[in-house]
Amino acid sequence: MLPPDRFPRLLALGDTAWTLELGHTLDEAVSARVLGLYERVREADWQAHWPGVVEWVPTLRSLTVHFDPLTTDADALGQALLQAASLSHVHSPKGRHWRLPLCVEDAWALDLVRVAQDAGLSLTEVRDQLLSSCLRVGMLGFLPGFAYMTGVPQPLQQPRLATPRTGVPAGSVAVAGGMCAIYPCASPGGWRLLGRMPLPLFDPQRSDQPALLAPGDTVRWRRVSQAECDELARCCASGAFNPTDWLDTGAAA
Amino acid sequence: MSTGLRVVTPGFAVSLQDRGRTGLRHLGVPLSGALDPWLMSAANALVGNQSSDAVLEVGLDGPTLEAVGEPVQLALCGEITARSGHTGPQESPLPAWRTMLLQPGERIKISGARQGVAYLAVSGGVRVPPVLGSRSTTMRAGIGGLHGRHLVAGDWLPCLPTPSDAPHRFARQPWPPCADTVRVLAGPQQDHFSAQALQVLQDTAWRVGRDMDRMGLRLTGGRLEHSELGANIVSDAVLPGAIQVPASGEPLVLMPDCQTTGGYPKLATVIAADLPCLARVRPGDTLRFRCIEPAQAREALHQRAQAHQRWLSGIVTLAHAGDADESALYHHNLISGAVWHDD
């Protein structure tokens, strides 16, 4: 373990990026600080001051800035970032609150039995724990629109499969490494599959906001049957999908 | 009738690329883009394009293309040649590093690149609709380029028609060679490695594995030891050039199609100036690394950018092809080529 006073810590990711580490473990408080800082640096005064900045990538424990080294004073940018981190107030990010459909029937919950065994719970208890969880999006990565979500109930915090699957179907809802995620498209993957979420997570045609989820968003579930899940997938495939239909209007910030 | 190139045979793993898809890595969208942006820029400059207009990136085998509509001006840059599509005695070689004009119905057969990748630029760039601000192909996500995949026979590559009096251009200067050693900056997770690891990285002649692609190179031939902090981190951001080391101790060098975040510690990161050198290796090649300081990386990038400007300013423009003494022109081009081969 690294001592906590090592953070924040500025690390060179080559000569075109800085990674500012705020911690090195999965920790909701660290993630919230990252997202607070991410909001700060996207404000107009920062953008105007650093025209050579290409983009920002928040993760669960760090914030990376990619920049053009030919037009940016890299050292000054790094120091400014460290300073912003020391001043940054922790505030809950202004994410959106989603209530997304989740089918946990056997056809999709391919690892339900394994997860239940490892958790020492019944199949019903595993389903209930997942369905009642409130997850928070900490970062996107791995695939376009693939959201790493924290807030997984303790018994479902289980490691990746020893042997990854060569094909995980699109929409699979899965847990691993203390996190939960939904696969936006079919992909190899080693997470434990517990259900299916039929809405599209990434659509290049929605060019203003191609990813459904963003860091800071929260996700709760609405249980749907296999038939409802299939019907939703069909509707979405035919173009009848409005993301705002799935916002949880009753959710508290 | 619209102008463009019809793909007759697709070659092997040929993709459409431009400068890449920036601004979306926080959504998990890979950067992608040309493996060697300088070389892409060179091909574009020859046909009078913007430096990052969309080009075809060719590796082991190039496509056969047929011009449709109006004449199309092309230029190849890299260790590559082409032939006009007529078979038999009329078949004529079309060297790289100069423009060529393809008349409607004419075909061009592009070879494989003898080293790394090469680029084919067309007048106006390949004008397929951009996806999320870029025409670069990202295979993993199936976006950009031609339906997010490699070329297939029958694909249509729209471009701009070339007027009959369009200038003819050729390169007078040889292409700058890559150094034998790829330069890196230490970190960002140097503390996840033993005290010797950075030296082992530099002392080892690494062999490039067979499964290299636009996402990464796997290297064998040595073992980089982790420290007590181990071979896993809570995922943080990665970029092309990052040298990840999983538990096996064998490094993986990320390339432009790499994912945006990763869970293996990174011992070192290839500097921007030397990233295109990674595009020149092939499976079985040997790769060496040398660790430098940030100020040296900055200097290296400035020098590389200046060298590129010098190369661009060495392009010879002839008002139009009819003005050229073709044999003198060809001789000129051979001289450039000879220098390049001797490097």
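It should be emphasised that the depicted structure is a prediction, and the values quoted were computed from it without experimental measurement.

Undergrad: Looking at this structure, how should I read the overall build of chain B?
TA: Each helix and strand in chain B was counted, giving 5 helices and 22 strands. Here the C-alpha atoms of chain B give a radius of gyration of 21 Å, agreeing with the 20 Å that 2.2 N^0.38 yields for 343 residues. Burial statistics for chain B: of 343 residues in total, 57% are counted as buried. Contacts spanning at least 24 positions in sequence make up 79% of the contacts within chain B whose residues lie at least 6 apart. Summing over all exposed atoms, chain B offers an accessible surface of approximately 13500 Å²; the carbon and sulfur share of this is 51%. Across chain B, the 29 positively charged side chains and the 31 negatively charged ones have centroids separated by 2 Å.

Undergrad: Honestly, the packing of helix H4 (residues 112–119) of chain A against helix H5 (residues 123–131) of chain A in this entry has me stumped. Any pointers?
TA: Residue and element names in this part refer to chain A. H5 packs onto H4 with a crossing angle of 95° between their chain directions and a minimal axis gap of 9 Å. As summarised for this structure, H4 and H5 are arranged roughly perpendicular, according to the angle between their axes. Facing H4, whose interface residues are Leu112, Val113, Val115 and Ala116, H5 presents Leu123, Val126 and Arg127. Here the residues of the contact of H4 with H5 sort into 6 nonpolar, no polar and 1 charged.

Undergrad: I would appreciate a short explanation of the sheet that holds strand E11 (residues 156–158) of chain B in the present structure.
TA: Strand pairing in a sheet relies on backbone hydrogen bonds. The paired strands run either parallel or antiparallel. Residue and element names in this part refer to chain B. Here we have 6 strands laid out as an open sheet, ordered E7-E6-E9-E4-E1-E11, and antiparallel in their pairing. The open sheet terminates on both sides in strands that have one partner only, identified here as strand E7 (93–95) and E11. Neighbour-to-neighbour, the strand axes of the sheet open up by a mean angle of 30°, direction not taken into account. In terms of strand pairing, strand E6 (residues 81–84) meets E7 through 3 bridges, oriented antiparallel. By the bridge assignment for E7, alanine 82 is matched with leucine 94.

Undergrad: Would you mind showing me how to read the packing of helix H1 (residues 37–46) of chain B against helix H4 (residues 294–313) of chain B here?
TA: How two helices pack is summed up by the angle between their axes together with the distance between the axes. Residue and element names in this part refer to chain B. The contact between H1 and H4 brings their axes to 11 Å, and the two run at 20°. Viewed along their axes, H1 and H4 adopt a mutual orientation that is roughly parallel. Crossing hand, H1 versus H4: right-handed. In this structure, H1 uses Trp38, Ser41, Ala42 and Ala45 to contact H4, whose residues at the interface are Leu301, Arg304, Ala305, His308, Trp311 and Leu312. When the residues that make up the contact of H1 with H4 are grouped by side-chain class, the tally is 7 nonpolar, 2 polar and 1 charged.

Undergrad: I tried to follow the interface of chain B and chain A on my own but got confused; where do I start?
TA: Reports often express the size of an interface as the amount of accessible area lost when the parts come together. Between chain B and chain A, the contact holds 41 residues from the first and 45 residues from the second. The junction of chain B with chain A conceals about 3300 Å² of combined surface from both sides, 64% of it contributed by carbon and sulfur atoms. Per-residue buried area on chain B facing chain A is highest for B:His26, B:Leu27 and B:Val234; these three make up 19% of the total on that side. On inspection of chain B and its partner chain A, the count reaches 5 salt bridges.

Conventions adopted
- Residues numbered from 1 in each chain as written.
- Chains lettered and ligands numbered in written order.
- Predicted model: local features only at pLDDT ≥ 70, side-chain atom pairs only at ≥ 80, totals over all residues.
- Heavy atoms only, no water.
- Helix = DSSP H or I, 4+ residues; strand = E, 2+ residues; numbered from the N terminus.
- Rg over C-alpha atoms; globule rule 2.2 N^0.38 Å.
- Buried < 20%, exposed > 50% of the residue type's maximum accessible area, 1.4 Å probe, protein only.
- Contact = heavy atoms within 4.5 Å.
- Areas by Shrake-Rupley, 256 points an atom, 1.4 Å probe, with all protein chains shown as cover.
- Lys, Arg positive; Asp, Glu negative; His and termini not counted.
- Charge placed at Lys NZ, Arg CZ, Asp CG, Glu CD.
- Axes fitted to C-alpha atoms, helices over the stretch in contact; angles between N-to-C directions.
- Parallel < 35°, antiparallel > 145°, perpendicular 65-115°, else oblique.
- Nonpolar A, V, L, I, M, F, W, Y, C, P; charged D, E, K, R; others polar.
- Pairing = 2+ DSSP bridges.
- Left-handed = near helix turned anticlockwise from the far one by under 90°.
- Buried area = accessible area lost by both parts, 1.4 Å probe.
- Salt bridge = Lys/Arg side-chain N within 4 Å of Asp/Glu carboxyl O.

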